[in-house]
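So you can see what is in the structure, the chains are spelled out below.
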Amino acid sequence: MSLPSTAIRILLLEDSDLDAALVEAELRRNKVEFLLQRVETAEAFKEGLKRFRPAIIFSDYKLPSFDGGQALLLAKDVLPHVPFIVISGAVGEETAVELLKAGATDFVLKDKLLRLVPAMHRALREVQERLALDQAQAELYSCNSELEQRVRDRTRELSEKNKIMEEDLRMAHELQMALLPSRFPTLPKGCREEDSAVRICSLYRSSHSVGGDCFNVTPLSDTVLSVFICDVMGHGVRAALVTAMLRALEEQLGEKAADPGLLLSEMNRAQCHIFEASETLVFASACSLTVDVAKGTVTFANAGHPSPLLVHRRTHRVEVLSLPESRGPALGIFPEAIYQSHTQKLEPEDFILLFTDGLFEVENTRSELFSEERLREAVEQHAELAPEPLVQAVLHDVEAFTEGGAFTDDLCVVGVHIARVESSAA
């Protein structure tokens with residue numbers, strides 16, 4: 001029996017007969033009309049891309065001599081607009097995030113194949129929408145002189161709408177900046193800034209009118225301060241909306257902030273719940289920490305975020321605040337993720353530097369990344385400086401590295417200066 005011309009052409013990269021059969025069974029269960037070609041090796045995959053010309057690609061991640069990451073690179077090179085869905089039971093959270101960043105459309109766990117068909121339809125629908133947009137643009141460019149007046153009228157209309165949009169973005173920028181702390185709390189509450197046991201400095205730049213980075217500083221008592229920083233995937237308005245939501249969640253769950261791991265766990269569960277009906281994966285990296293000057297400690301937890309740096313200014317030594325048990329996946333990916341807190345001793349004059357990846361994921365003219373390692377070395381080189389001059393010196397080093405290039409990502413830096421700890425004063 002011949003298949004209808006509307007059958008979806010699927011290229012399946014899978015070495016397991018059982019898993020391949022389960023995929024086909026799920027497609028048939030949903031009454032999907034499809035033509036599937038299954039391959040198991042890199043060469044067969046390349047051949048399938050060129051000759052089979054699939055409408056969508058399903059790929060396992062781990063194969064004996066090939067993996068989904070390599071397959072994704074090949075697919076993006078040969079058929080860049082064809083959706084690529086990873087189907088695997090062995091994709092860790094970090095790997096999943098990296099695959100999405102590299103261009104994978106979605107990933108589906110093998111024990112949750114019920115998501116496969118909805119994810120496939122969404123991906124194919126987005127392709128059709130892009131093709132329709134391309135076709136509309138082609139038709140626009142081919143219009144003859146009879147349509148020129150319409151184009152001028154439409155341009156004028158769009159210009160007016162753009163002015164309104166620019167005004168809206170300007171207001172959104174002002175509102176977003178208003179959400180960021182402009183004055184920082186002191187310990188104890190109400191004392192002069194120069195007498196505070198903890199002093200805060202910050203730096204914020206968005207790559208667009210509005211950005212996806214944010215931070216907050218909250219006093220929990222006269223001796224404990226909470227610092228939160230996050231970075232939503234993407235840029236622009238969507239990222240800014242999610243950022244505002246996370247900022248509201250962080251304030252709503254403020255009573256959990258004494259335990260950074262618990263705060264991140266609750267925020268992650270709430271974010272996953274909010275977006276569970278959405279077909280778009282929305283994730284954000286985040287880091288939460290509390291400084292307790294009475295105990296002379298910092299307690300921290302991490303959700304896929306760049307690890308803060310602890311600068312021991314008295315010894316000019318820089319330490320990375322990162323332990324396997326204190327680091328979890330980005331928020332919004334795995335609803336049951338649990339984030340662990342870790343506590344570390346502090347000394348007077350220590351300086352904690354929190355930042356988003358916009359500070360080090362910049363390139364020079366030779367396409368070299370500045371990298372987290374270079375950032376740590378730059379901080380160590382300026383460790384003898386006072387906190388705010390240290391931040392400015394490090395930023396100057398990053399800007400010098402780019403050789404005049406622009407920062408392509410949002411940038412957020414928060415510095416926490418431990419002026420004194422009560423335990424040492426006693």
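Residues numbered from 1 in each chain as written. Predicted model: local features only at pLDDT ≥ 70, side-chain atom pairs only at ≥ 80, totals over all residues. Heavy atoms only, no water.

Turning to helix α9 (residues 371–381), its buried residues number three or more, namely L375, R376, A378 and V379. The buried residues of α9 occupy an angular sector of 160° when the element is viewed end-on, so they sit on one face. Taken together, the buried residues of α9 touch β11 (309–312), β12 (317–320), β15 (350–355) and α10 (387–402). (Buried < 20%, exposed > 50% of the residue type's maximum accessible area, 1.4 Å probe, protein only. Helix = DSSP H or I, 4+ residues; strand = E, 2+ residues; numbered from the N terminus. Arc of directions from axis to C-beta. Contact = heavy atoms within 4.5 Å.)

Relative to the 21 Å expected for 15 residues at 1.5 Å per residue, helix α8 (residues 260–274) spans 21 Å between its end C-alpha atoms, a close match to the ideal helical length. All of the buried residues in α8 are P260, G261, L263, L264, S265, M267, N268, Q271 and C272. The secondary structure elements touched by the buried residues of α8 are β8 (224–232), α7 (236–252), β9 (284–292) and β10 (297–303). (Expected span 1.5 Å × (residues − 1).)

One pass over the structure, following the stated rule, counts 24 salt bridges. D60 is the salt-bridge partner of K110, the closest N and O atoms lying 3.3 Å from each other. With K110 in the loop between β5 (106–109) and α5 (116–141) and D60 in the loop between β3 (56–59) and α3 (68–78), this pair connects stretches of sequence that are 50 residues apart. Accessibility expressed as a relative area gives 5% for D60, which makes it buried. For E157, the salt bridge is made with R154, and the minimal N-O distance between the two is 2.9 Å. One end of the pair is E157 and the other is R154, both in helix α6 (residues 148–179) and 3 residues apart, which spans about a single turn. For E157, a relative accessible area of 33% translates into the label partly exposed. For R154, a relative accessible area of 40% gives the class partly exposed. In the salt-bridge network here, residues are joined through shared partners; they are E14, D19, D60 and K110. (Salt bridge = Lys/Arg side-chain N within 4 Å of Asp/Glu carboxyl O.)

Our focus in this paragraph is the sheet that holds strand β6 (residues 198–205). Spatially, β6-β16-β15-β11-β12 is the arrangement adopted by the 5 strands of the open sheet, whose pairing is antiparallel. Strand pairing shows two members of the sheet lacking a second neighbour, β6 and β12, which therefore form its edges. Going from strand to strand, the sheet's axes swing by 20° on average, the running direction of each strand aside. Taken together, the 8 bridges between β6 and strand β16 (residues 411–418) define a ladder with antiparallel strand orientation. Opposite I200, over in β16, you have V416 as the bridge partner. Set on the sheet, α10 makes contact with β6, β15 and β16; between it and β6 the angle comes to about 25°. (Pairing = 2+ DSSP bridges. Axes fitted to C-alpha atoms, helices over the stretch in contact; angles between N-to-C directions.)

Turning to the environment of V421, a few remarks are in order. By secondary structure assignment, the location of V421 is in the loop between β16 and α11 (422–425). You can call V421 buried: its relative accessible area is 1%. Between the C-alpha atom of V421 and that of L390, which follows or precedes it by 31 residues, the distance is 21 Å. Excluding residues that lie within four positions of it along the chain, V421 makes contacts with V293, G296, L346 and P348.

At a closest axis distance of 10 Å, the pairing of helix α2 (residues 42–52) and α3 adopts a crossing angle of 25°. The pairing of α2 with α3 is recorded here as roughly parallel in orientation. In this structure, the crossing between α2 and α3 has a hand that is right-handed. Along the contact surface, α2 presents F45, K46, L49 and K50, while α3 presents A71, L74, A75 and V78. Considering only residue class, the contact of α2 with α3 consists of 6 nonpolar, no polar and 2 charged. (Parallel < 35°, antiparallel > 145°, perpendicular 65-115°, else oblique. Left-handed = near helix turned anticlockwise from the far one by under 90°. Nonpolar A, V, L, I, M, F, W, Y, C, P; charged D, E, K, R; others polar.)

Put simply, the largest pocket is a space of about 1100 Å³. Split into classes, the residues belonging to the lining of the largest pocket amount to 16 nonpolar, 7 polar and 11 charged. Forming the boundary of the second largest pocket are 25 residues, of which V97, E98, K101, G304 and D357 lie nearest the centre. Of all elements in the fold, only α4 (93–102), β8, β9 and β13 (327–328) reach the threshold of two or more residues within the lining of the second largest pocket. (1 Å grid on protein atoms, 1.4 Å probe; cavity = no way out; pocket = protein on both sides within 12 Å on 5 of 7 lines; lining within 4 Å. Points joined across faces, edges and corners; volume = space filled by probe spheres on them.)

In this structure, V198, L246, V291, I352, L354 and V416 are the most contacted members of the largest nonpolar core, which totals 49 residues. Sorting elements by how many residues they give to this core places β8 first, with 6 residues. Beyond its immediate sequence surroundings of up to four residues, L246 is in contact with C230, V232, M267, Q271 and A284. Judged by nonpolar contacts, the second largest core, of 26 residues, contains V39, L49, I57 and L100. (Core = buried A, V, L, I, M, F, W, Y, C linked by side-chain atoms within 4.5 Å.)

Spatially, the 5 strands line up as an open sheet ordered β2-β1-β3-β4-β5, and their pairing is parallel. Looking at strand neighbours, the two that pair on one side only are β2 (34–39) and β5, the edges of this open sheet. Pairwise comparison of adjacent strand axes, ignoring direction, gives a mean angle of 20° for this sheet. With 4 bridges connecting them, strand β4 (residues 84–88) and β5 associate as parallel partners.

Further remarks concern a negative patch on the surface. Among the surface-exposed residues, E93, E94, E98, E361 and E372 lie close enough to one another that they form a single negatively charged patch. When residues of the negative patch are assigned to their parent elements, the largest contribution, 3 residues, is made by α4. Note on placement: E372 falls in helix α9. Its relative accessible area of 40% is what places E372 among the partly exposed residues. (Patch = residues over 30% accessible without salt bridge, like charges linked within 9 Å, V, L, I, M, F, W, Y side chains within 5 Å. Areas by Shrake-Rupley, 256 points an atom, 1.4 Å probe, with all protein chains shown as cover. Lys, Arg positive; Asp, Glu negative; His and termini not counted. Charge placed at Lys NZ, Arg CZ, Asp CG, Glu CD.)

We now examine the confidence of the model for the protein. Caution applies to low-pLDDT parts of the model: their predicted coordinates are not meant to be read in detail. Overall, the prediction assigns the protein a mean pLDDT of 88, with 93% of residues at 70 or greater. Confidence, expressed as mean pLDDT per element, reaches its minimum in the protein at α11 with 57 and its maximum at β15 with 97. (pLDDT = per-residue confidence, 0-100.)

The angle between the axes and the distance between the axes are what describe a pair of packed helices. Following both chains from N to C, one finds α7 and α8 inclined at 135°, their axes separated by 10 Å at the closest point. Accordingly, the angle class assigned to the pair α7 and α8 is oblique. Seen from above, α7 lies across α8 with right-handed handedness. From α7, M245, L246, L249 and E250 reach across to α8, where they touch L263, M267, A270, Q271 and I274. Taken together, the residues that form the contact of α7 with α8 break down as 7 nonpolar, 1 polar and 1 charged.

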